[in-house]
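Reading the structure
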Amino acid sequence: MKKIGVLISGRGSNLQSILDAQKEPRFPGKVVVVISNKQGVQGLERAKKVDIATHVVDNKEYESRTAHEDAIAQLLFQYEVELVVLAGYMRLLSPLFLKKFPDCVINIHPSLLPAFPGMCGQRQALEYGVRISGCTTHFVDEGEDTGPIILQKAVPILQDDDESSLTERILAEEHKIMVESVRLWCEGKLRLEGRHVHILE
Ligand code: GRF
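In this report, we go over the structure that sits alongside the text. As the structure is a prediction and not an experimental result, all values here were calculated from the model.

**A closer look at the packing of aromatic side chains**
Pairs of aromatic rings are described using the distance from one ring centre to the other and the angle between the two planes. Throughout the structure, instances matching the rule amount to 3 aromatic pairs. Aromatic side chains F97 and F101 sit 5.1 Å apart centroid to centroid with 35 degrees between the ring planes, which places their arrangement in the tilted category. Of the two residues, F97 and F101, neither departs from the other in class, the shared state being buried.

Have a look at this one:
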């Protein structure tokens, strides 16, 4: 059973998808700590509800990015976290932090990367006028949403979609690939070779 630490900044619906999945006794991972950089967000309540340890490490209370990330890393070590999941964590992690968790940090993004990285992937897709968007899970590297891709799911853009309807349909797929990516990682089925992720049977 792999120990998972989840970093959030908000609603935590992707966190919830992992919490739901781990109710299944054969799920190979367990969330041991949820860390938010914001006070009072819904994701913290979701974790508390199922008795998972939560911490707020507010970036505004630290004088540097390094000090903030050090505090987070310390907590992750304290809980002996093996996999770090960014589930709507709205800050970039520095190379210094990532070196402490090599090939152990994964992120979810609401577009088919490498298209529309950064903020508001759904709005970017609508503004660009693509017919298909979707979501991506990937290992985190030093870039913004540039790391090796684990799973993707395409979501068609409908004629009368607006940002909220598209976001909702993409989110439903996010939850599936999030759980599946975590499961594959925990089962040791992801092999990284350069920027390619091989999925072992
Ligand atoms: C998701 O759309 C995720 O892809 C993006 O931020 C959003 C977080 O949603 N990185 P939630 O907090 O998991 O509900």
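**With respect to the site of the ligand**
Near the ligand you find R11, G12, S13, N14, G88, I108, H109, P110 and E174, and these make up its full shell. R11 is positioned such that a nitrogen or oxygen atom in its side chain is 2.6 Å from an oxygen atom of the ligand. In the environment of the ligand, an oxygen atom lies 2.8 Å from a nitrogen or oxygen atom belonging to the backbone of G12. About the coverage of the ligand: the protein hides 87% of its 360 Å² of free accessible area.

**Remarks on helix 3 (residues 65-78)**
Given a rise of 1.5 Å per residue, 14 residues ought to cover 20 Å, and the 20 Å separating the end C-alpha atoms of helix 3 matches this to within 8%. Listed in full, the buried residues belonging to helix 3 are H68, E69, A71, I72, A73, L75 and L76. Contacts from the buried residues of helix 3 go to strand 1 (2-8), strand 2 (29-36), strand 3 (53-56), strand 4 (83-86) and helix 4 (95-100). E80, located one to two residues past helix 3, shows a positive phi value of around 55 degrees.

**Notes on the pattern of salt bridges**
Where charged atoms from two side chains of opposite charge come close, those side chains can pair. Scanning all chains against the criterion turns up 13 salt bridges. Between E82 and K2 there is a salt bridge, with the nearest N and O atoms lying 3.8 Å from each other. One end of the pair, E82, is in the loop between helix 3 and strand 4; the other, K2, is in strand 1, and 80 residues separate them in sequence. When its relative accessible area of 28% is taken as the criterion, K2 is described as partly exposed. With a shortest N-O distance of 3.8 Å, R65 and E69 are connected by a salt bridge. Residue R65 and its partner E69 are both found in helix 3; the two are separated by 4 residues, about one turn of the helix.

**So, the nonpolar core**
Formed by 59 residues in total, the largest nonpolar core has its most connected members in V6, L76, V85 and V182. Ranked by residues supplied to this core, first place goes to helix 6 (residues 163-186) with 9 residues. Not counting the four nearest positions on each side in its chain, V85 is found in contact with I4, G5, V6, L7, I18, I106, M178 and V182.

**Some points on the environment of V85**
Along the chain, V85 falls in strand 4. Of the residues examined, V85 reaches a relative accessible area of 0% and is grouped as buried. C-alpha separation for the pair V85 and Q42, spaced 43 residues apart in sequence, amounts to 17 Å.

**So, the packing of helix 1 (residues 13-21) against helix 2 (residues 42-49)**
Where helix 1 contacts helix 2, the axes come no closer than 9 Å and their chain directions differ by 15 degrees. Relative to helix 2, the element helix 1 is oriented roughly parallel. When you trace helix 1 past helix 2, the crossing you get is right-handed. From helix 1, S13, L15, Q16 and L19 reach across to helix 2, where they touch G43, R46 and A47. Residues belonging to the contact of helix 1 with helix 2 are distributed by class as follows: 3 nonpolar, 3 polar and 1 charged.

**Section: the pairing of strand 3**
Pairing of strand 2 with strand 3 involves 4 bridges; the strand directions are parallel. Opposite I35, over in strand 3, you have H55 as the bridge partner. Chirality of the crossover, the property in question, places the unit of strand 2, helix 2 and strand 3 among those that are right-handed.

**Details of the side chain of T137**
When you line up the elements, T137 lands in strand 6 (residues 132-139). Classification of T137 as buried rests on a relative accessible area of 1%. A polar side-chain atom of T137 sits 2.8 Å from a polar atom in the side chain of S181. Excluding residues that lie within four positions of it along the chain, T137 makes contacts with N107, I108, I149, I150, L151, I177, M178 and S181.

The rules behind each value
Residues numbered from 1 in each chain as written. Predicted model: local features only at pLDDT ≥ 70, side-chain atom pairs only at ≥ 80, totals over all residues. Heavy atoms only, no water. Phe/Tyr/Trp six-rings, centres within 6.5 Å; stacked < 30°, edge-to-face > 60°. Buried < 20%, exposed > 50% of the residue type's maximum accessible area, 1.4 Å probe, protein only. Near = heavy atom within 4 Å. Polar contact = N/O pair within 3.5 Å; in protein donor to acceptor, adjacent residues only side chain to side chain. Areas by Shrake-Rupley, 256 points an atom, 1.4 Å probe, with all protein chains shown as cover. Helix = DSSP H or I, 4+ residues; strand = E, 2+ residues; numbered from the N terminus. Expected span 1.5 Å × (residues − 1). Contact = heavy atoms within 4.5 Å. Salt bridge = Lys/Arg side-chain N within 4 Å of Asp/Glu carboxyl O. Core = buried A, V, L, I, M, F, W, Y, C linked by side-chain atoms within 4.5 Å. Axes fitted to C-alpha atoms, helices over the stretch in contact; angles between N-to-C directions. Parallel < 35°, antiparallel > 145°, perpendicular 65-115°, else oblique. Left-handed = near helix turned anticlockwise from the far one by under 90°. Nonpolar A, V, L, I, M, F, W, Y, C, P; charged D, E, K, R; others polar. Pairing = 2+ DSSP bridges. Right-handed = clockwise from strand over helix to strand, strands pointing away.

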